[in-house]
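# Fold and geometry: a report
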Amino acid sequence: VLRNFKSAKKETDHPNYVGVIREYECSATVVASDSQDILSQAIDKALRNVHKGSRIAIDQITVSYGFNKEELNDKMIDALLEKGYRVVAKEYLQKLYQEQQDQLNSGLYNPDTTVEGSKFSAVGYFINVKVTETSIRVQVVNVSTGEYEGNATVNF
């Protein structure tokens with residue numbers, strides 16, 4: 001990643017040559033970092049008050065241009081699982097609930113082999129992630145209280 005990129009063009013007449021000499025000057029700050037390490041740092045800071053084994057759902061991921069939202073989501077899931085948290089697939093809860101309702105109401109399924117209705121495990125926390133060109137922010141919201149349990153920003 002390049003930051004503070006600056007460029008300039010200088011043109012001068014050279015006495016020994018016919019024409020103009022062009023010089024280009026460029027400068028930038030090069031930022032090289034392990035994105036997984038930075039993500040891990042942000043997660044650790046944001047979840048410092050959340051017990052291992054807690055159920056967490058990724059609620060929102062916001063990324064700047066150039067970042068892949070799906071890849072970040074996958075990395076978040078991997079990191080949370082590696083750290084001992086239980087990750088709930090929030091995007092599938094409604095589908096699972098509807099499937100259970102269809103099974104119960106249709107009479108086509110064996111009641112001994114279907115999952116009991118309304119036996120979903122509650123999500124304890126939502127995580128929101130925002131990645132910009134210069135930082136990553138992870139916010140943790142307690143679902144029961146609506147309060148922020150953690151908030152961490154790590155600069156690249």
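Before reading on, note that the structure itself is shown above.
What comes next concerns the included structure. (Residues numbered from 1 in each chain as written. Predicted model: local features only at pLDDT ≥ 70, side-chain atom pairs only at ≥ 80, totals over all residues. Heavy atoms only, no water.)

### Regarding the layout of surface pockets
Here the idea is plain: a probe the size of a water molecule rolls over the atoms and shows the empty space left. Heads up, the condition is: Only protein atoms enter the 1 Å grid, on which a cavity is a set of points fitting a 1.4 Å probe that cannot get out and a pocket is an open set with protein on both sides within 12 Å along at least 5 of 7 lines, lining residues being those with an atom within 4 Å of a point. Grid points are joined across faces, edges and corners, and a volume is the space filled by probe spheres set on the points. Each helix corresponds to a stretch of at least 4 residues labelled H or I by DSSP, and each strand to a stretch of at least 2 residues labelled E; elements are numbered beginning at the N terminus. Here the nonpolar group is Ala, Val, Leu, Ile, Met, Phe, Trp, Tyr, Cys and Pro; Asp, Glu, Lys and Arg are the charged ones; every other residue, Gly included, is treated as polar.
Space inside the second largest pocket adds up to approximately 190 Å³. Lining the second largest pocket are I58, D59, Q60, I61, K69, N73, I77, V87, V88, A89, K90 and E91. Per-element tally for the lining of the second largest pocket: the top contributor is strand β3 (residues 55-63), with four residues. Among the residues forming the lining of the second largest pocket, the class breakdown is six nonpolar, two polar and four charged.

### Re helix α3 (residues 90-106)
Condition: A helix is expected to span 1.5 Å for every residue after the first. Buried means the residue's accessible area, taken with a 1.4 Å probe over protein chains only, is under 20% of the maximum for its type, while exposed means over 50%, and partly exposed covers the values in between. This arc is built from the directions going out from the helix axis to the C-beta atoms.
The end-to-end C-alpha distance of α3, which contains 17 residues, comes to 25 Å, matching closely the 24 Å that a straight helix rising 1.5 Å per residue would cover. Restricting attention to buried positions, one finds in α3 the residues Q100, Q101 and Q103. Summarising the axial view, the buried residues of α3 lie within an arc of 160°, below the 170-degree limit, and thus occupy one face. In this structure, α3 carries E91, Q94, K95 and N105 as exposed residues pointing more than 90 degrees from its buried face.

### Brief notes about the pattern of salt bridges
Proximity of charged atoms lets side chains of opposite charge pair with each other. Stated precisely, the cut-off is as follows: In what follows, salt bridge is the name for a side-chain nitrogen of Lys or Arg lying within 4 Å of a carboxyl oxygen of Asp or Glu.
Counted under the stated rule, the structure contains four salt bridges. The partner of K9 in a salt bridge is E11, with the nearest N and O atoms 3.5 Å apart. For K75, the salt bridge identified is with E71, shortest N-O distance 3.3 Å. One end of the pair, K75, and the other, E71, are both in helix α2 (residues 69-82), four residues apart, so they sit about a helical turn from each other. Among the residues examined, E71 registers a relative accessible area of 42% and is labelled partly exposed. Three or more residues joined by partner-sharing salt bridges are found here, namely K9, E11 and R22.

So, to be careful, I would describe these as geometric facts and stop short of saying anything about function.
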